[in-house]
Amino acid sequence: MNRKRKKIKLSPSFNKQHIKEQSINLESLIKPFTLFLLILYILVMIYFAALPSEKITNPTVRDNGNALHVIEFIGLMFISALTLICWDKLKIISKSCIIGFIMAALTELIQLFVPGRSCTLSDFLFDLLGCLTFWILGGIAGIIIMLSILSHWSEEDCCKCPS
């Protein structure tokens with residue numbers, strides 16, 4: 001009944017290859033997932049932009065419309081930046097801002113045709129403010145992280161010149 005199991009030794013190259021294959025598989029899953037998230041978020045934005053005003057019964061939504069525009073577009077910038085980082089690492093800020101501008105214009109144009117809703121310049125500007133807020137907060141966070149890293153370096157580490 002007591003059977004001894006044989007230990008199979010794998011060569012180091014097999015392990016490295018196996019790990020490399022796993023990371024490639026993970027990468028191939030992340031890219032479509034981020035694109036799916038972006039498309040889903042845009043569809044949800046369009047859905048809510050197309051809701052007639054009588055369907056919006058929550059007083060919190062009615063009273064805080066401008067703040068919700070900013071929050072909605074901060075979310076759009078986050079998901080579009082994440083998607084662009086996975087797909088194309090060049091000009092992330094400008095490309096995500098173009099997405100934000102198009103979505104701000106599109107949601108306001110949709111509201112022209114929805115009963116009880118209107119297309120307003122102030123809503124459009126609050127949408128763009130959400131885009132700008134995301135990148136300003138991201139820039140501040142980047143500066144804080146950079147300063148934190150630099151504070152741990154000594155002058156000797158930074159100024160070493162090869163002899």
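What counts, and where the lines are drawn
- Residues numbered from 1 in each chain as written.
- Predicted model: local features only at pLDDT ≥ 70, side-chain atom pairs only at ≥ 80, totals over all residues.
- Heavy atoms only, no water.
- Phe/Tyr/Trp six-rings, centres within 6.5 Å; stacked < 30°, edge-to-face > 60°.
- Helix = DSSP H or I, 4+ residues; strand = E, 2+ residues; numbered from the N terminus.
- Expected span 1.5 Å × (residues − 1).
- Buried < 20%, exposed > 50% of the residue type's maximum accessible area, 1.4 Å probe, protein only.
- pLDDT = per-residue confidence, 0-100.

Now for the packing of aromatic side chains. Under the counting rule described, the total for this entry stands at four aromatic pairs. Ring geometry for Phe78 against Phe134: centres 6.4 Å apart, planes inclined by 75 degrees, an arrangement best described as edge-to-face. Placement of the pair is Phe78 in helix H3 (residues 65-87) and Phe134 in helix H5 (residues 121-151), with a sequence separation of 56 residues. A network of ring pairs unites the aromatic residues Phe78, Phe134 and Trp135 as a single cluster.

With 23 residues, H3 extends 33 Å between its outermost C-alpha atoms, agreeing within 8% with the 33 Å of an ideal straight helix rising 1.5 Å per residue. Within H3, burial applies to His69, Val70, Phe73, Gly75, Leu76, Met77, Ile79, Ser80, Ala81, Thr83 and Leu84.

This brings us to the confidence of the model for the chain. Here the chain averages 80 in pLDDT, while 74% of its residues score no lower than 70. Helix H4 (residues 92-112) holds the highest mean pLDDT among the elements of the chain, 92, whereas helix H6 (residues 155-158) holds the lowest, 53.

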